[in-house]
Amino acid sequence: MNSPDLAIRLRRAAFNRALADADLGAIGQFLTMNAVLVAGTDSALLSGRKAQLLTWKGEFASADRTIYTRLPERIEISTIAPVAMEHGKWHGVTVSGIDLASGTYVAKWRQVGAEWLIEAEIYLTLG
């Protein structure tokens, strides 16, 4: 079995692939039902898996959509609960290759059964 650190890094890589492939079904498999996302620039709050999937569906409809990639730098694993915090950098590049935005993020993961799921994410736009 993978260590929690490696398991989360592998899940993040798969989540990045799902975003690049515009695969809503796969994206939903990485989120808890009540997952929360706070956007980097305007602090828009997306509360719940359904709200996030609807937002991604809208994003994917654009011909020159932005592909967002999260790059984990550090994972902290709790010693008292099945939770972890991912710290990293993110960037968004349009399909046509325009570097659109970048910044830092934190993501709280929760182990549910054998899987690690995203429970909350907060983004900060820096560039």
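What comes next concerns the included structure. Since the structure is predicted, the reported quantities are computational estimates derived from the model, not experimental observations.

With respect to the overall build of the protein chain
Consideration 1: Check the secondary structure of the protein chain and you find three helices and six strands.
Consideration 2: Scanning the protein chain from its N terminus toward the C terminus, one meets helices and strands in the order α-α-β-β-α-β-β-β-β.
Consideration 3: In terms of overall size, the protein chain behaves like a compact globule, its C-alpha atoms giving a radius of gyration of 14 Å where 127 residues would be expected to give roughly 14 Å.
Consideration 4: Oriented by its inertia axes, the alpha-carbon framework of the protein chain measures out at about 45 × 25 × 25 Å.
Consideration 5: Going through the 127 residues of the protein chain one by one, you find that 35% of them count as buried.
Consideration 6: Restricting to contacts in the protein chain with at least 6 residues of sequence separation, those with at least 24 account for 49%.
Consideration 7: About 6,900 Å² of surface is accessible on the protein chain, with carbon and sulfur atoms providing 60% of the total.
Consideration 8: In the protein chain, 13 positive and 13 negative side-chain charges are present, and the distance between their average locations comes to 5 Å.

Some details on the sheet that holds strand 5 (residues 99-112)
Consideration 1: Spatially, 2-1-6-5-4-3 is the arrangement adopted by the six strands of the open sheet, whose pairing is mixed. Strand pairing shows two members of the sheet lacking a second neighbour, strand 2 (45-47) and strand 3 (66-77), which therefore form its edges. Sheet twist, expressed as the mean angle between neighbouring strand axes with direction ignored, is 20°.
Consideration 2: The pairing of strand 1 (residues 31-38) with strand 6 (residues 115-125) spans four bridges and is parallel. Counterpart to V38 in the pairing with strand 6 is I122.
Consideration 3: Against the sheet, helix 1 (residues 4-20) touches strand 1, strand 3, strand 4 (83-94), strand 5 and strand 6, its axis set at about 175° to strand 3.
Consideration 4: Sitting on the sheet, helix 3 (residues 49-60) is in contact with strand 1, strand 2, strand 3 and strand 6, with an inclination near 60° to strand 1.

Here's the deal with the pairing of strand 6
Consideration 1: Note: strand 5 against strand 6, ten bridges, orientation antiparallel. By the bridge assignment for strand 6, R110 is matched with L117.
Consideration 2: What sits between the antiparallel neighbours strand 5 and strand 6 is a turn of two residues, in which G113 has the positive phi angle 65°.

Considering the side chain of R70
Consideration 1: Among the secondary structure elements, R70 is positioned in strand 3.
Consideration 2: Although R70 is buried, it forms no salt bridge, and the closest oppositely charged side chain is E121 at an N-O distance of 4.1 Å.
Consideration 3: A polar contact of 2.7 Å, which involves the side chain of R70, links it to the side chain of Y123.
Consideration 4: Dropping the residues within four chain positions of it, R70 is found in contact with R12, F15, N16, L19, L37, W56, K89, W90, Y105, E121 and Y123.

Looking at helix 1
Consideration 1: Look at helix 1: 24 Å from first C-alpha to last across 17 residues, which is about the 24 Å you get at 1.5 Å a residue.
Consideration 2: Regarding helix 1, the residues found buried are A7, I8, R11, R12, A14, F15, N16, A18 and L19.
Consideration 3: In the stretch just after helix 1, A22 is the one whose phi turns positive, near 55°.

Rules and cut-offs
- Residues numbered from 1 in each chain as written.
- Predicted model: local features only at pLDDT ≥ 70, side-chain atom pairs only at ≥ 80, totals over all residues.
- Heavy atoms only, no water.
- Helix = DSSP H or I, 4+ residues; strand = E, 2+ residues; numbered from the N terminus.
- Rg over C-alpha atoms; globule rule 2.2 N^0.38 Å.
- Buried < 20%, exposed > 50% of the residue type's maximum accessible area, 1.4 Å probe, protein only.
- Contact = heavy atoms within 4.5 Å.
- Areas by Shrake-Rupley, 256 points an atom, 1.4 Å probe, with all protein chains shown as cover.
- Lys, Arg positive; Asp, Glu negative; His and termini not counted.
- Charge placed at Lys NZ, Arg CZ, Asp CG, Glu CD.
- Pairing = 2+ DSSP bridges.
- Axes fitted to C-alpha atoms, helices over the stretch in contact; angles between N-to-C directions.
- Salt bridge = Lys/Arg side-chain N within 4 Å of Asp/Glu carboxyl O.
- Polar contact = N/O pair within 3.5 Å; in protein donor to acceptor, adjacent residues only side chain to side chain.
- Expected span 1.5 Å × (residues − 1).

Geometric descriptors of this kind do not, in isolation, establish any biological role.
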